[in-house]
Amino acid sequence: MTPRSPGRPGVLIGRAAVLARAQALLAGGGRVLLGIAGPPGAGKSSLADWLVGQLDARHGTSPRLVAQAPMDGFHLPNRTLARLGLAERKGAPETFDAAGYACLLARLRAGGPQEMAAPSFSRVHDAPVPGAHRIPPTVRLVICEGNYLLLGTGAWAQVRACCDETWFLRVDEEIARTRLIDRHTAGGRRGPAARQWVEENDLNNLRLVDATASRADYLIRLPPDVPPPAPSRRP
């Protein structure tokens, strides 16, 4: 896969497999971290879930060689957002514990003999799920995904430094808008409220994230003739 090229599923699986094998060249038993960045609605979590499933199918799930550590698990709790006056900005960079995420990624990259855990995020409950992703010491590749992996400010710069390779998943704004409205509608916001949230919040975040694309190692846009990976099965 060459920089700034469109991606096809088979190529992406192959590249991720190369990264997993490359870990064998590392000294000290560390891990390789692959970061998948991109705007809200691009399909990052679906792509990460799909890659893990494909790599598990190739190499088996015992012992496990690949796991996930998504950014969304580091959403600040709703109560904290309300206290800080950030409830209406949920999803913006300042509504995440970026320093906590960077700390976890640094520990995952270093490896060690102990099993570790990473939180996920439930769209059903609109809250983080502690310990949802179990990462045993056998894991060699950790897939990290989230909007702000390439943001260069504050603790987000430390997140980028932890990733050995980064992909940026591009999406047309109109496609993202439709997906996001559908997502918020399924989550309980109806009609105008869902559209207003997307226009006033999500699309501002999308444009901020799009501005970080040049910092990625590879830019990926799945061609229209390639079906997207299966939807993420989040709790």
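Just so it is clear, the structure is predicted and the values come from calculations on it, not from any experiment.

Explain helix α7 (residues 192-210) to me, please; I cannot follow it from the model alone.
Every α-helix winds through 3.6 residues per turn, so residues three or four apart in the chain are directed the same way. An ideal rise of 1.5 Å per residue puts 27 Å on 19 residues; α7 measures up with 25 Å between its terminal C-alpha atoms. Within α7, the axis deviates most sharply at V198, by approximately 40°. Every buried residue of α7 is accounted for by A194, W197, V198, N201, D202, L203, N205, L206 and V209. Elements in contact with the buried residues of α7: β6 (165-169) and α6 (173-186).

How should the pattern of salt bridges be read in this particular structure?
Between side chains of opposite charge, a pair can form as their charged atoms come close. Counted according to the given criterion, the structure contains 11 salt bridges. Notably, a salt bridge pairs E94 with R89, separated by 3.6 Å at the nearest N-O pair. For R89, a relative accessible area of 30% puts it in the partly exposed group. Of the charged contacts, one joins D217 and R160 as a salt bridge, the two residues approaching to 3.7 Å between their closest N and O atoms. Residue D217 is located in the loop between α7 and β7 (218-220), and its partner R160 is located in helix α5 (residues 156-162); the two are separated by 57 residues in the primary sequence.

Hey, could you run me through the pairing of β6 in this one?
Each regular strand carries side chains that alternate between the two faces of the sheet. For β6, the buried fraction is high: 5 of the 5 residues fall into the buried class. The alternating pattern of β6 places E165, W167 and L169 on one face and T166 and F168 on the opposite face, and all of these are buried. Note that strand β1 (residues 32-37) and β6 share 4 bridges and pair parallel. Directly across from A37, in β6, lies its bridge partner F168. As defined by bridge partners, β6 adjoins β7 across 3 bridges and the pair is classed as parallel. Among the inter-strand pairings, W167 is bridged to a residue of β7, identified as Y218.

Even after reading the chapter, I still don't get the sheet that holds β7, so can you show me in this structure?
Within a sheet, adjacent strands bond to each other through the backbone by hydrogen bonds, running parallel or antiparallel. Strands sit in the order β2-β5-β1-β6-β7 across an open sheet of 5 strands; the sheet is parallel. Because the sheet does not close on itself, it has two edges, and the strands there are β2 (66-68) and β7. Ignoring strand direction, the axes of neighbouring strands in this sheet form an average angle of 25°. Bridge analysis of β2 against strand β5 (residues 141-146) gives 3 bridges, and the strand direction is parallel. Each residue of the ladder has a partner; that of V66, found in β5, is L141. Strands in contact with helix α2 (residues 44-59) are β1, β2, β5 and β6; relative to β5, the strand with the most contacts, it is inclined by about 165°.

Can you help me understand the nonpolar core in this one?
Generally speaking, soluble globular proteins have nonpolar side chains that are buried together. Residues Y101, L105, L108, L149, W156 and F168 are the most contacted members of the largest nonpolar core, which totals 33 residues. Contributing elements (two or more residues each) for this core: β1, α4 (98-110), β3 (116-122), β5 and α5. In terms of residue count, α4 provides more of this core than any other element does, 6 residues in total. Those residues within four positions of L105 in sequence are excluded, and the remaining contacts are L33, A69, C144, V159 and C162. One finds I36, I143, W167 and L169 within the second-largest nonpolar core, a separate group that totals 29 residues.

Looking at this structure, how should I read the packing of aromatic side chains?
Aromatic ring pairs: the centre-centre distance and the angle between the two ring planes describe each pair. Taken as a whole and assessed by the stated rule, the structure comprises 4 aromatic pairs. A centroid spacing of 5.2 Å and a plane angle of 45° characterise the contact between F74 and Y101, whose relative ring orientation is tilted. Pair noted here: F74 is in the loop between β2 and α3 (78-84) and Y101 is in helix α4, with a separation of 27 residues, a long-range link. Take F74: its relative accessible area is 14%, and that puts it in the buried class. Residue class for Y101 comes out buried when judged on its relative accessible area of 1%. Ring centres 5.9 Å apart and planes at 70° place the aromatic pair F96 and Y148 in the edge-to-face group.

Cut-offs and rules
- Residues numbered from 1 in each chain as written.
- Predicted model: local features only at pLDDT ≥ 70, side-chain atom pairs only at ≥ 80, totals over all residues.
- Heavy atoms only, no water.
- Helix = DSSP H or I, 4+ residues; strand = E, 2+ residues; numbered from the N terminus.
- Expected span 1.5 Å × (residues − 1).
- Bend = angle between axes of the 7 residues up to and from the residue.
- Buried < 20%, exposed > 50% of the residue type's maximum accessible area, 1.4 Å probe, protein only.
- Contact = heavy atoms within 4.5 Å.
- Salt bridge = Lys/Arg side-chain N within 4 Å of Asp/Glu carboxyl O.
- Pairing = 2+ DSSP bridges.
- Axes fitted to C-alpha atoms, helices over the stretch in contact; angles between N-to-C directions.
- Core = buried A, V, L, I, M, F, W, Y, C linked by side-chain atoms within 4.5 Å.
- Phe/Tyr/Trp six-rings, centres within 6.5 Å; stacked < 30°, edge-to-face > 60°.

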